[in-house]
Amino acid sequence: MGAIKDILRTMDYGPSPEGSDHVRSWLEEHKSGFGLFIDGAFTKPHDLFDVFNPATGEKIARATQGSPADIDAAVAAARKAQAKWAPLSGFERSKHLYALARHVQKRERFLSVLETIDNGKPIRESRDIDIPLVARHFYHHAGWASLIDSEFPGTRPVGVCGQIIPWNFPLLMLAWKIAPALAAGNTVVLKPAEYTPLTALAFAAICIEAGLPAGVVNIVTGDGLTGAALVAHSGVDKVAFTGSTEVGRAIRKATAGTGKKLSLELGGKSPFVVFEDADLDSAVEGAVDAIWFNQGEVCCAGSRLLVAESVADALYAKLRARMANLRIGDPLDKSTDVGAIVAPVQLERIQRLMREGEKEGLEFFRADDSLPARGCFYPPTLVTGVEAASILAREEIFGPVLVAMTFRTPDEAVALANNTRYGLAASVWTENVNRALEVAARIKAGVVWINSTNMFDAASGFGGYRESGFGREGGREGLHEYRIADEPKAKPSSAKPARLNAAPGLAPASATAGAGLDRTAKLYIGGKQARPDSGYSYAVLDPAGREVGLAGLGNRKDIRNAVEAAAKAASWGAATAHNRAQVLYYAAENLSARAAEFARRLRATTGASVRAAEAEVEASIRRTFVYAGYADKFDGAVHATRSRFITLAMNEPWGVMGVVCPDGAPLLAFVSLVMPAIAMGNCVVVVPSAGHPLSVTDFYSVLDTSDVPAGVVNIVTGEANALAKTLAEHDGVDALWYLGDAEGAKQVEALSAGNLKATWVKASAVDWRQAEGREFLRRATQVKNIWTPYGE
Ligand code: NAI
Ligand code: MG
């Protein structure tokens, strides 16, 4: 450091390192290697792998590569502990979570330094953001623990949760996983990322110190193999994962058909949209927090800068000037802005993508190319003149690289923002409140920050749309991931299994059978009756095996047409909830006017008694009324997050939903599934009961006479599992409900991995008389959190 008069002249920062002796001595104590934390104690270390400080390349610890046998032991401990943890009173669980929060807070400095040494993030961030948010998460969920029974009636804990977290916010991701799981009465086996296992191990020590009962939290370190063993373990009831979309997809496939509950928080390529009336200086500071916070290793990083053409040059100039002031270097230095990339493999990944960008001839700006002599560093970079098709505009770089594009109109801005397969977050900058909220509503992302970015709080949900995953973490919506609804025990369906007279090997009835008389119920697509693409129909039989009619034999092409029609009807989602309610009431009224006819049809096809058939029609009318009533009442929330922010949790429709109906109660099941979906603004492609489709095909005329806009409900009859397969594979389908057999359920979950659509499958009998309520509405929506600041 120079003399004081020199410093006064340059006003430069001198070095200001955070002390790390306490952490180094803790690491020294564990020099022989860390074991795993199972059933309240550390195991003997084995199969050690090295842990590095990426800022220096120095080896700082060794941790155990958890084996399948370790996972077995951890799951068994969690199972045993859950039997005692779940029955504890909410108050008792609350005190435990509160104790964890207190202990984390007491050790904030230790944990921040350890996090920085292991991950490479600046101490300023681990100290001011990561660790305080960890404590906040445990405090918030300590509250939920004592409220869970009263606030989530009719639900119970899921059981043992397998949780896998990434390396970018190691302890914070641990808190996001463990706190809600424990509050909701579950126990956990958590696997930290192999590059950053240390704060999780320190947390294990905190669990002992805080007196958490043995087995409630188990920590098993290791790499993807350990993670895969945890996912595959049959004793795990729920998997929660944060990480790459690629691994998320593999986990979706691995858990398909197992009945495990799943939440995925995956990658992103989030837009940072700057309109011409934005406060550009604030937007520049926002961009710094959006992409240079945590070296850009943030799943919701604002990595795509979309700026109005008229202010683009001005914004770029300000950004370049600001970049010259970013300090890159020793993460333990309190004045460092940009620290080290987590590990050499991640640095290489960034470098590889940037080389691809160079091949495209893109223009890179870096204020200063000089980097620390050792360690894993990458300089803050701005790439301008990027085309939407460029690899740098499409791929998640997960590094300090901001990629800029321009737009001319708000519509173009929204189109560019949504031109990605991801949908994790977005940031919108404008001084026009009307425009801000309109754009926030139109961007398909789970979190939208207005005139702000990367704001987090335990009371707000966080999670993605589209290929950014499904499920939320944080807030009330996050707790649903850790509870399951108690279901009334249903008698196995009394309906005879579908008798599809057109299965392979059986002669399909031709569409013109019956002496030129076309008695075939057609499909219903885009508000019109349509002949099946195959030209075939199949005979619908009554329980005695007599033919009662013909139904169209839909195929892939029909499903594709139906999905297209549903997508075109998207304005249904923007109609007022009052309008949707009126349409549903009208449908109920029209069904009611024809109740006798529908009851006769049910009797004829299912062989139900007069009373049972009439009761099913009556129940269908009532249910439609219920969802008409709900249409404008399943509203969102305003979360109590940070001061001077309104955080709006909006229940938004998925968009296009597939609905595959079961065989039992053909009319009531159809109504019970379709009405909540459309009440919330979705457009649906429905596959009715294959055995008894005619009550649903009769419903076409009810839809026609009830002002249901064309394309909102599309119906394709045929073999349920074949049609479900096409729906599951279709990228235009955003969510899929499947009620059928175990094999079909597994197929749907596995094939949904393509675009990571949300699925809800049931292979067991449902008591349709009771299948009603908020759970259906919740499954028909996804929560978007919009953060709006106020005050000057
Ligand atoms: P990753 O998805 O492989 O790692 C995340 C976690 O999953 C780690 O704990 C890892 O051990 C575990 N894992 C890996 N394979 C697994 C498997 N088959 N089954 C179960 N668990 C498994 O991510 P990685 O390789 O560290 O980073 C690759 C890219 O992923 C990054 O460049 C970034 O684009 C993205 N990423 C996104 C994150 C997010 O928060 N959305 C976090 C980390 C990475
Ligand atoms: Mg490390």
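Look up: the structure comes first, before these words.
Residues numbered from 1 in each chain as written. Chains lettered and ligands numbered in written order. Predicted model: local features only at pLDDT ≥ 70, side-chain atom pairs only at ≥ 80, totals over all residues. Heavy atoms only, no water.

**What to know about the coordination of the magnesium ion (ligand 2)**
Quick reminder of the rule: For Na, K and Ca the donor cut-off is 3.2 Å; for every other metal, N, O and S atoms count as donors within 2.8 Å. Water does not enter the count, which can leave sites looking incomplete. Secondary structure counts use DSSP, requiring at least four H or I residues in a row for a helix and at least two E residues in a row for a strand, with both numbered from the N terminus.
Coordination of the magnesium ion (ligand 2) by the protein is provided by Phe52 (O), Asp118 (O), Asp118 (OD) and Tyr195 (O), with metal-donor distances spanning 2.3 to 2.5 Å. In terms of primary sequence, the donors binding the magnesium ion (ligand 2) are separated according to F-x65-D-x76-Y. In this pair, phenylalanine 52 sits in strand 3 (residues 48-53) while aspartate 118 sits in helix 5 (residues 108-119), placing the two residues 66 residues apart along the sequence.

**Here's the deal with the side chain of serine 263**
Using the following cut-off: Throughout, exposure labels follow a simple rule: accessible area from a 1.4 Å probe, protein chains only, divided by the maximum for the residue type, with under 20% read as buried, over 50% as exposed, and the rest as partly exposed. It only takes one pair of heavy atoms within 4.5 Å for two residues to be counted as in contact.
With respect to the element layout, serine 263 can be found in strand 10 (residues 261-265). For serine 263, a relative accessible area of 8% translates into the label buried. If we skip the residues at most four places from it in the chain, serine 263 touches Lys238, Val239, Ala240, Phe241, Phe470, Gly471 and Glu481.

**Some words on the sheet that holds strand 12 (residues 302-308)**
Filter applied, for reference: Strands were regarded as paired on the criterion that DSSP finds at least two bridges between them. Axis definition: a line fitted to C-alpha atoms, limited for helices to the stretch in contact. Angles are taken between N-to-C directions and run from 0 to 180 degrees.
One open sheet holds the ten strands; their spatial order is 13-14-15-12-11-16-17-33-27-26, and the pairing between them is mixed. Of all strands in the sheet, those with a lone pairing partner are strand 13 (363-365) and strand 26 (637-639), marking the two edges. Put simply, the sheet's adjacent strands are angled 25° from each other on average, direction ignored.

**Focus on the packing of aromatic side chains**
We count it as follows: In this analysis, rings of Phe, Tyr and Trp, with Trp reduced to its six-membered ring, are considered paired at centre separations within 6.5 Å, and the interplanar angle assigns stacked below 30 degrees, edge-to-face beyond 60, and tilted for intermediate values. Note on criteria: charge over ring means Lys NZ or Arg CZ within 6 Å of the ring centre, with the direction from the centre no more than 35 degrees off the ring normal.
Summed over all chains, the structure comprises 23 aromatic pairs. Ring geometry for phenylalanine 37 against phenylalanine 42: centres 5.4 Å apart, planes inclined by 45°, an arrangement best described as tilted. The class of phenylalanine 37 is buried, set by a relative accessible area of 3%. Here phenylalanine 42 falls in the partly exposed class, since its relative accessible area comes to 36%. Every member of this aromatic cluster is reached through a ring pair, and the members are Trp176, Trp449, Phe456 and Phe462. One Lys or Arg, arginine 320, reaches over the ring of phenylalanine 365 and ends 5.4 Å from the middle of that ring.

**Remarks on the packing of helix 4 (residues 90-106) against helix 6 (residues 123-151)**
Quick reminder of the rule: Oblique is the label for any angle not under 35 degrees, not over 145, and not in the 65 to 115 range, which are roughly parallel, roughly antiparallel and roughly perpendicular in turn. The classification used treats Ala, Val, Leu, Ile, Met, Phe, Trp, Tyr, Cys and Pro as nonpolar, Asp, Glu, Lys and Arg as charged, and all other residues, Gly among them, as polar.
Close contact between helix 4 and helix 6 brings their axes to 7 Å; oriented N to C, the two are set at 170°. Accordingly, the angle class assigned to the pair helix 4 and helix 6 is roughly antiparallel. Residue-level contacts link Gly90, Phe91, Arg93, Ser94, Leu97, Tyr98, Leu100, Ala101, Arg102, Val104 and Gln105 of helix 4 to Ile131, Val134, Ala135, Phe138, Tyr139, His141, Ala142, Gly143, Ala145, Ser146 and Ile148 of helix 6. Here the residues of the contact of helix 4 with helix 6 sort into 14 nonpolar, six polar and two charged.

**Some points on the site of ligand 1**
Short version of the rule: The rule for a residue being near a molecule or strand is that one of its heavy atoms must lie within 4 Å of it. N or O atoms closer than or at 3.5 Å make up a polar contact, with two conditions inside protein: a donor-capable atom paired with an acceptor-capable one, and, for residues adjacent in sequence, both atoms drawn from side chains. Methods summary: accessible areas were calculated by the Shrake-Rupley approach with a probe of 1.4 Å, and residue burial reflects only the protein chains presented.
Around ligand 1, the surrounding shell holds 26 residues, and the nearest of these are Ile165, Trp167, Glu194, Ser244 and Glu396. In the model, an oxygen atom of ligand 1 is placed 2.9 Å from a nitrogen or oxygen of the lysine 191 side chain. With respect to ligand 1, the side chain of serine 244 contributes an N or O atom lying 2.6 Å from an oxygen atom. Here ligand 1 has 810 Å² of accessible area as a free molecule, and 87% of this is covered by the chains. Those elements that provide at least two residues to the shell around ligand 1 are helix 9 (224-232), strand 9 (238-242), helix 10 (245-255) and helix 13 (344-359). Looking at the shell around ligand 1 element by element, the count peaks at three residues for helix 9.

**Looking at the packing of helix 7 (residues 170-183) against helix 8 (residues 198-209)**
This is how it is decided: A crossing counts as left-handed when the near helix is turned anticlockwise from the far one by less than a right angle, and as right-handed when that turn is clockwise.
Helix 8 packs onto helix 7 with a crossing angle of 50° between their chain directions and a minimal axis gap of 8 Å. Regarding the angle of helix 7 to helix 8, the classification is oblique. As for the relative orientation of helix 7 and helix 8, their crossing is right-handed in sense. In this structure, helix 7 uses Pro170, Leu171, Leu174 and Ile178 to contact helix 8, whose residues at the interface are Thr199, Ala200 and Phe203. Here the residues of the contact of helix 7 with helix 8 are counted per class, giving six nonpolar, one polar and no charged.

**Details of helix 19 (residues 577-593)**
So the rule is basically this: Multiplying 1.5 Å by the helix residue count minus one yields the expected span of that helix.
Between its terminal C-alpha atoms helix 19 stretches 24 Å, which fits the 24 Å expected from 17 residues at 1.5 Å a residue. Along helix 19, the residues classified as buried are Arg580, Ala581, Val583, Leu584, Ala587, Ala588, Asn590 and Leu591. The inward-facing, buried residues of helix 19 abut helix 20 (595-606), helix 21 (610-630), helix 22 (666-679) and helix 24 (699-704).

**Looking at helix 9**
Every buried residue of helix 9 is accounted for by Thr226, Gly227, Ala229, Leu230 and Val231. Looking at the buried side of helix 9, the elements it contacts are helix 3 (68-85), strand 6 (160-164), strand 7 (187-191), strand 9 and helix 10. A side-chain oxygen of the first residue of helix 9 lies 2.9 Å from the backbone nitrogen of leucine 225; this N-cap is aspartate 223.

**Examining the nonpolar core**
Keep this limit in mind: In these notes, a set of buried Ala, Val, Leu, Ile, Met, Phe, Trp, Tyr and Cys residues joined through side-chain atoms within 4.5 Å is what counts as a nonpolar core.
Leu100, Phe138, Leu174, Leu182, Phe203, Val217 and Val274 are the most contacted members of the largest nonpolar core, which totals 147 residues. Apart from the residues within four sequence positions on either side, valine 217 is in contact with Phe37, Ile178, Leu182, Val188, Phe203, Cys207 and Leu212. Counting 104 residues, the second largest nonpolar core, distinct from the first, contains Leu584, Ala619, Val656 and Val708.

**Side note on the pattern of salt bridges**
For clarity, the threshold we go by: For salt bridges, the criterion is a side-chain nitrogen of Lys or Arg within 4 Å of an Asp or Glu carboxyl oxygen.
Using the criterion set out here, one finds 43 salt bridges in the structure. Here arginine 778 ties to glutamate 775 by a salt bridge, and the two come within 3.3 Å at their closest N and O atoms. Residue arginine 778 and its partner glutamate 775 are located together in helix 27 (residues 774-779), separated by three residues, close to a single helical turn. Residue glutamate 775 is classed as partly exposed on the basis of its relative accessible area of 25%.

**Looking at a nonpolar patch on the surface**
Convention followed: Note that patches include only residues with greater than 30% relative accessible area and no salt bridge, and the join distances are 9 Å for like charges and 5 Å for nonpolar side chains (Val, Leu, Ile, Met, Phe, Trp, Tyr).
Taken together, Ile4, Leu8 and Met11 make up a surface patch of nonpolar side chains, about 390 Å² in accessible area. Turning to its location among the elements, methionine 11 is positioned in the loop between helix 1 (4-10) and helix 2 (21-29).

**What to know about the pairing of strand 7**
Condition: Crossover handedness is defined here as right-handed if the route from the first strand over the helix to the second strand goes clockwise, with the strands pointing away from the viewer.
For strand 7, the buried fraction is high: five of the five residues fall into the buried class. The alternating pattern of strand 7 places Thr187, Val189 and Lys191 on one face and Val188 and Leu190 on the opposite face, and all of these are buried. In this structure, strand 6 lies alongside strand 7, joined through five bridges in parallel fashion. Counterpart to cysteine 161 in the pairing with strand 7 is valine 188. Taken together, strand 6, helix 7 and strand 7 form a β-α-β motif whose crossover is right-handed. As paired elements, strand 7 and strand 8 (residues 217-219) share three bridges and run parallel to each other. Residue pairing for strand 8: leucine 190 is matched across the bridge by isoleucine 219. The parallel pair strand 7 and strand 8 is bridged by helix 8, and the resulting crossover is right-handed.

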